[in-house]
Amino acid sequence: MKSLNVLSVTSEIFPLIKTGGLADVAGALPLALEAEGVAVRSLVPGYRPVMAALKKAEEVAKFDDLFGAPAKILAAKVGALNLFVLDSPSFYMREGGPYAGADGKDFGDNALRFAALAKVGALIGQGLVPAFVPQVVHAHDWQAGLTAAYLHYSGGPRPGSVITVHNLAFQGQFSAATFGALGLPPQAFSIEGVEYYGGVGFLKAGLQLSDRITTVSPTYAQEIQTTHAGMGLDGLLRTRASDLTGILNGIDTHVWNPETDPLIAAHYSTKSFAGRAVNKKALQERFGLDHNENAFLVGVVSRLSWQKGLDLLLGCLPILEACDAQLALLASGDPGLEAAFKEASQTHPGRVGVYFGYEEKLAHLVQAGADAILVPSRFEPCGLTQLCALRYGAAPIVARVGGLADTIIDANEMALQAGCGTGLQFSPATSEALSGALRRGADLFRQKKLWKKLQTNGMKTDVSWTHPAKHYAEIFRALAHPAP
Ligand code: ADP
Ligand code: GLC
């Protein structure tokens, strides 16, 4: 198998900078692709935590004026990641997150910040750094969406281009006035180019102009072609249906391994479950829950947004009581939802425990200690928390949408008879259906043998990147220009 060079263009990468699953994917997929003979370098913005992680870096290109500011490209290795870092301090060395300031407001110049990332992705794609000339450029989400546009309108020879949609809800829409600053030719402002409902659409541009489109589950690939879930882009996606593929995400099974995880209270495996009880106790303590090993402990690790459907859970609190269930919720986001869950923890002391914030370490304990992990999303491109849950023997209870539908086998009668259920699905995403699923979960939990089978099935499921990486590698090989 000949080796192939791929440039991944991404606005987040684990463990350096993360707001969600995109970072996990961008951090883990390159390593899995190595085994497929694909050498990946990742181009990332030089945010503060990224720059701080660079021990040794080599300057491989320099710009006097990249969208109004000087910039450099640094090549560096951080852990196992091969990076190109776009060092443009005025764009990226800021307080706050990758997209918004400490006040939570999006940065006013995000269009230029991510146009710069995409432009540099395209330039590397066309040979700017002779030491690494990619045959394929792989862009992630709207932040890298313009990469395909810069490649397309350059007119010169170019590598193959792929865009992966991690979430169609974030589209990178900017006003028409932005167009002039992007350095694209006038004809790019058209329906065949970057124009989107009268403005500029970064994701739209990527979907329109990339050779191939992938998204992160087969079901989501179908859903986004419907008016119901297409978020304004379904028409375009239907026209590109033959170039659109859904590939499930995996997780890093070294980071997420209950047999070796340094972030949990005790190790365990399918052969020895004793450590799970230790983690359950530690989790109950950490979240101020009553210590009761017979309570059905439901965990949540999530952003709090409309997508994730956690407002539905607020309507199910009486069910927790009725089923002798407990809730450990680790989440952050919508202030209204945070306030509502805080109140729930006060009105249900010992039964509802909450922790607001983004705590990587605590996420591991929730997975290791909860009996079930709840993911009641209204839509979910793939979802990673249910994959972690499978691996950790916490049965996922999920809404039957997107990647949740594709990754969890509902433990219905027949599945149980066949011995193949891994969790519970419910539909539609309503409090009533969720209540029903919680009742079913609590019932099953009390049938110890069946529950253990569910847990074991989950823990034996292959949630690694091995299979998905093969699929990506096939797509990359089919596109490689020039052929390797
Ligand atoms: P999304 O990217 O839509 O938020 P995913 O399920 O794909 O959803 O990925 C979420 C990732 O972020 C997972 O790795 C999960 O463990 C992590 N995560 C989400 N919320 C928190 C939190 N409050 N604390 C720690 N980790 C979190
Ligand atoms: C997005 C989606 C999530 C997916 C993740 C990684 O954030 O919301 O479903 O797992 O990207 O692809």
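Residues numbered from 1 in each chain as written. Chains lettered and ligands numbered in written order. Predicted model: local features only at pLDDT ≥ 70, side-chain atom pairs only at ≥ 80, totals over all residues. Heavy atoms only, no water.

S.K.: Would you take a moment to explain the overall build of the protein for this structure?
M.R.: When helices and strands are tallied, the protein shows 19 helices and 18 strands. By principal-axis analysis of the C-alpha atoms, the protein measures approximately 65 × 45 × 45 Å. Buried residues in the protein amount to 60% of all 484 residues. Across the protein, every contact between residues at least 6 apart in sequence was considered, and the portion connecting residues at least 24 apart equals 71%. In the form shown here, the protein has an accessible surface area of approximately 18900 Å², with 54% of it arising from carbon and sulfur atoms. (Helix = DSSP H or I, 4+ residues; strand = E, 2+ residues; numbered from the N terminus. Buried < 20%, exposed > 50% of the residue type's maximum accessible area, 1.4 Å probe, protein only. Contact = heavy atoms within 4.5 Å. Areas by Shrake-Rupley, 256 points an atom, 1.4 Å probe, with all protein chains shown as cover.)

S.K.: Is there a simple way to think about the pairing of strand β6 (residues 136-140) in this case?
M.R.: Regular strands place their side chains on alternate faces of the sheet. Within β6, 5 of the 5 residues are buried, leaving the element largely enclosed by the surrounding structure. One ladder, built from 5 bridges, connects β6 with strand β7 (residues 160-165); its direction is parallel. Bridge pairing links V137 to S161 in β7. A crossover links β6 with its parallel partner β7, the connecting element being helix α5 (residues 147-154), and its sense is right-handed. (Pairing = 2+ DSSP bridges. Right-handed = clockwise from strand over helix to strand, strands pointing away.)

S.K.: When you look at the site of ligand 2 in this model, what are you seeing that I'm missing?
M.R.: Contacts to ligand 2 come from 14 residues, most closely from H166, N249, E380, C382 and G383. Separating an oxygen atom of ligand 2 from a side-chain N or O atom of N249 is a distance of 2.8 Å. Here C382 contributes a backbone N or O atom positioned 3.0 Å from an oxygen atom of ligand 2. In the complex, the protein chains occlude 93% of the 300 Å² of accessible area that ligand 2 would expose alone. Across the shell around ligand 2, the residue classes tally to 6 nonpolar, 6 polar and 2 charged. Composition of the shell around ligand 2 by domain shows at least three residues from each of domain 1 (4-250 + 466-479) and domain 2 (274-460). (Near = heavy atom within 4 Å. Polar contact = N/O pair within 3.5 Å; in protein donor to acceptor, adjacent residues only side chain to side chain. Nonpolar A, V, L, I, M, F, W, Y, C, P; charged D, E, K, R; others polar. Domains from an automatic or database assignment.)

S.K.: Help me understand unusual backbone geometry, please; the structure alone is not making it clear to me.
M.R.: Of all residues except glycine, most have a negative phi; of all peptide bonds, most are trans. In this chain, F14 is followed by P15 through a cis amide linkage whose omega measures 5°. Relative to the elements of secondary structure, P15 occurs in the loop between β1 (4-9) and α1 (21-34). Between S427 and the following residue, P428, the backbone shows a cis peptide bond with an omega angle of -5°.

S.K.: Whenever I open this one, the domain arrangement of the protein confuses me. Can you help?
M.R.: A common way to report how large an interface is uses the accessible area buried once the components associate. The domain architecture assigned to the protein consists of domain 1 (4-250 + 466-479) and domain 2 (274-460). Between domain 1 and domain 2, the C-alpha centre-to-centre distance is 33 Å. Of the residues lining the interface, 20 residues belong to domain 1; the matching set on domain 2 comes to 15 residues. Between domain 1 and domain 2, a total of about 1300 Å² is buried, with carbon and sulfur atoms accounting for 61% of that surface. The tally of links from domain 1 across to domain 2 stands at 1 salt bridge. Viewed at the interface, domain 2 and domain 1 are joined by 6 residue pairs in polar contact (both at pLDDT 80 or more). The set of elements that each furnish at least two residues to the side of domain 1 that touches domain 2 consists of α1 and α7 (218-223). (Buried area = accessible area lost by both parts, 1.4 Å probe. Salt bridge = Lys/Arg side-chain N within 4 Å of Asp/Glu carboxyl O.)

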